[in-house]
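Structural overview for review
In case you want the letters, here they are:
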Amino acid sequence: MRHLLVLISMLSALLFPVTVNAHALEPGYLEISQETEADWYVFWRKPDVRGAPMDIHVKLPANCQSPTLDAPVFDGRAWTQAWRITCAEDLRGNTILIDGLDEQRTDVLFRVGYLGAQTTATFRLTPDAPAVTLLAQQGLLQTLWQYGVLGFEHILEGWDHLLFVFALLVLIRNLRQLIWAVTAFTLAHSITLGLATFGVLNVPGPPVEAVIALSIVFLATEVLRSNKRQKTLTSRFPWVISFGFGLLHGLGFAGALNEIGLPEQDIPAALLAFNLGVEAGQLTFIFAVLSVFLTLQKIVQTIWGWSLVQGTWRRFLGYPIGCIATFWLAERLAGF
């Protein structure tokens with residue numbers, strides 16, 4: 001039975017990465033800045049899909065004239081275009097549409113800056129709502145809401161970050177230690193997220209993503225060794241390991257936030273909202289996993305009288321966790 005469980009775990013881990021990536025598609029980014037009463041600068045960044053720009057396009061109001069556009073240029077992660085338009089009327093009161101977004105699985109962050117304004121207006125366009133009508137300058141509360149939602153969705157779509165948190169849940173059996181470890185992880189990724197956002201840290205994305213996968217491999221090996229009498233550093237001081245790897249995961253969050261961009265006049269507020277959104281998504285995931293576990297515990301104990309808490313079954317979860325993370329590690333190293 002033990003060997004059968006191991007085999008099933010390894011097969012599921014090998015099949016799982018084929019259909020699920022560590023990250024969802026990067027969001028698109030559209031910025032329109034007013035230069036004069038009639039002239040506007042447009043910057044458009046499309047996500048990369050298998051080496052080509054995503055099939056989405058900016059639809060501007062009919063009263064705007066733009067030149068023939070050059071082909072988008074690949075910047076290493078996405079496809080960019082920039083051009084200028086002349087509009088007979090103010091964009092306020094008109095609708096901006098991302099044509100084709102309703103057929104995709106990603107969002108577009110849209111920012112518009114008006115002449116003489118101290119702040120920019122930020123909107124999140126989704127497949128369900130691919131258009132926005134510009135009415136007036138948005139306030140601080142709208143910026144907080146937009147970036148909070150972006151942070152929440154980012155963590156729930158970042159499979160590698162969630163797998164790391166899941167490995168912590170499997171490894172740490174003491175509730176107090178688990179709380180300290182999760183708190184340390186949150187504090188650490190908040191620190192590096194802030195430092196990277198303000199330009200204090202500048203680490204290339206691919207090595208960070210590879211080390212994040214390696215951190216999950218490390219936790220998987222700790223899960224497999226968790227039933228041995230000799231305690232490891234992770235079992236004795238889980239918050240130390242959680243804090244150290246949290247610093248790396250924060251750099252991963254920073255890479256995503258750089259892709260989205262921040263409003264120049266509201267950087268601290270947007271950063272805070274994004275980080276709170278990440279934390280809310282992380283807590284939601286932890287609550288969901290613990291709820292499922294407690295439900296299964298009650299069912300199993302009622303029917304068979306087994307204890308999932310004290311059983312050695314937890315150790316076998318190290319195999320699928322490790323296999324998935326190893327696949328991601330090899331994939332990211334190959335992409336250097």
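Residues numbered from 1 in each chain as written. Predicted model: local features only at pLDDT ≥ 70, side-chain atom pairs only at ≥ 80, totals over all residues. Heavy atoms only, no water.

**Observations regarding a nonpolar patch on the surface**
Applied cut-off: To count toward a patch, a residue needs a relative accessible area over 30% and no salt bridge; like charges are then connected within 9 Å, while nonpolar side chains (Val, Leu, Ile, Met, Phe, Trp, Tyr) are connected within 5 Å. With residues, only the protein chains shown are counted as cover, and all accessible areas are computed by Shrake-Rupley using a 1.4 Å probe. When a carboxyl oxygen of Asp or Glu is within 4 Å of a side-chain nitrogen of Lys or Arg, the pair counts as a salt bridge. Secondary structure elements follow DSSP: runs of H or I no shorter than four residues count as helices, runs of E no shorter than two count as strands, and numbering proceeds from the N terminus.
Residues L187, I191, L195, F198, V200, L201 and V203 make up a contiguous nonpolar surface patch of about 600 Å² in total accessible area. Relative to the elements of secondary structure, I191 occurs in helix α4 (residues 175-197).

**Re the pattern of salt bridges**
To be explicit about the condition: With a 1.4 Å probe rolled over the protein chains alone, any residue whose accessible area is under 20% of its type maximum counts as buried; one over 50% counts as exposed, and the rest are partly exposed.
Here the structure, examined in full by the defined rule, presents 8 salt bridges. Residue D75 pairs with R45 through a salt bridge whose shortest N-O separation is 2.7 Å. Of the two residues, D75 is situated in the loop between β6 (73-74) and β7 (78-87) and R45 in strand β2 (residues 39-49); the sequence distance between them amounts to 30 residues. By relative accessible area, D75 is classed as partly exposed at 41%. R225 is paired through a salt bridge with E222; the nearest N and O atoms lie 3.0 Å apart. Judged by its relative accessible area of 39%, R225 is partly exposed. Salt bridges sharing common partners tie together D107, R124 and E153.

**Things to note about the side chain of S215**
Which entries qualify depends on this criterion: Throughout this description, a polar contact denotes any pair of N or O atoms lying within 3.5 Å of each other; where both atoms belong to protein, one of them has to be capable of donating a hydrogen while the other can accept it, and for residues adjacent in sequence the pair is counted only when both atoms sit in side chains. A contact between two residues is defined here by any heavy atoms of the two lying within 4.5 Å.
In this fold, S215 is placed in helix α5 (residues 205-224). We classify S215 as buried; its relative accessible area is 0%. Here I212 takes part through its backbone oxygen, which lies 2.5 Å from a polar atom of the side chain of S215. In this structure, S215 is in contact with F164, F245 and H249, ignoring residues within four places of it in sequence.

**Section: unusual backbone geometry**
Of note, R50 is a non-glycine position whose phi angle comes to about 55°, a positive value. Inspection of the secondary structure assignment puts R50 in the loop between β2 and β3 (52-53).

**Remarks on the state of the cysteines**
Heads up, the rule is: The disulfide criterion used throughout: a pair of cysteine sulfur atoms within 2.5 Å.
For the structure shown, the criterion picks out 1 disulfide. The disulfide that involves C64 links it to C87, with 2.0 Å between the sulfurs. The S-S bond linking C64 to C87 shows a torsion near 105°; that makes this disulfide right-handed. Within this pair, whereas C64 is found in strand β5 (residues 64-65), its partner C87 is found in strand β7, the two being separated by 23 residues in sequence. C64 sits in the buried class, given a relative accessible area of 14%. A relative accessible area of 3% places C87 in the buried class.

**Notes on the sheet that holds strand β4 (residues 57-59)**
So the rule is basically this: Strand pairing requires that DSSP identify at least two bridges connecting the strands. For helices, the fitted axis covers only the stretch in contact; all axes are lines through C-alpha atoms, and the angles between them, taken along N-to-C directions, range from 0 to 180 degrees.
Overall, antiparallel pairing links the 3 strands, which are arranged β4-β8-β11 in an open sheet. Here the strands that pair on one side only, and so sit at the sheet edges, are β4 and β11 (131-133). Mean inter-strand twist for the sheet, computed between neighbouring axes without regard to direction, equals 15°. Strand direction decides the pairing type here: strand β8 (residues 95-99) and β11, joined by 3 bridges, are antiparallel. Its bridge partner being in β11, L97 is matched across the sheet by A131.

**Re the nonpolar core**
The criterion, for reference: Residues belong to one nonpolar core when they are buried, are Ala, Val, Leu, Ile, Met, Phe, Trp, Tyr or Cys, and are joined through side-chain atoms within 4.5 Å.
Residues Y147, F164, L193, I216, L219 and L257 are the most contacted members of the largest nonpolar core, which totals 50 residues. Broken down by secondary-structure element, the contributors of at least two residues to this core are α2 (140-157), α3 (159-171), α4, α5, α7 (238-260), α8 (267-303) and α10 (318-334). Among the nonpolar cores identified, the runner-up in size contains 25 residues, and L30, I56, Y114 and L125 belong to it.

**Quick word on the packing of α5 against α10**
What counts is decided by this rule: Angles below 35 degrees are treated as roughly parallel, those above 145 as roughly antiparallel, those between 65 and 115 as roughly perpendicular, and all remaining angles as oblique. What makes a crossing left-handed is the near helix being turned counterclockwise from the far one by less than a right angle; a clockwise turn instead makes it right-handed.
For the pair α5 and α10, the least separation of the axes is 8 Å and the interaxial angle reads 160°. Considered as vectors, α5 and α10 are oriented roughly antiparallel to each other. For the pair α5 and α10, the sense of crossing is left-handed. The segment α5 lies against α10, with E209, A210, I212, A213, L214, I216, V217, A220, V223 and L224 engaging G318, Y319, I321, G322, A325, T326, W328, L329, R332 and L333.

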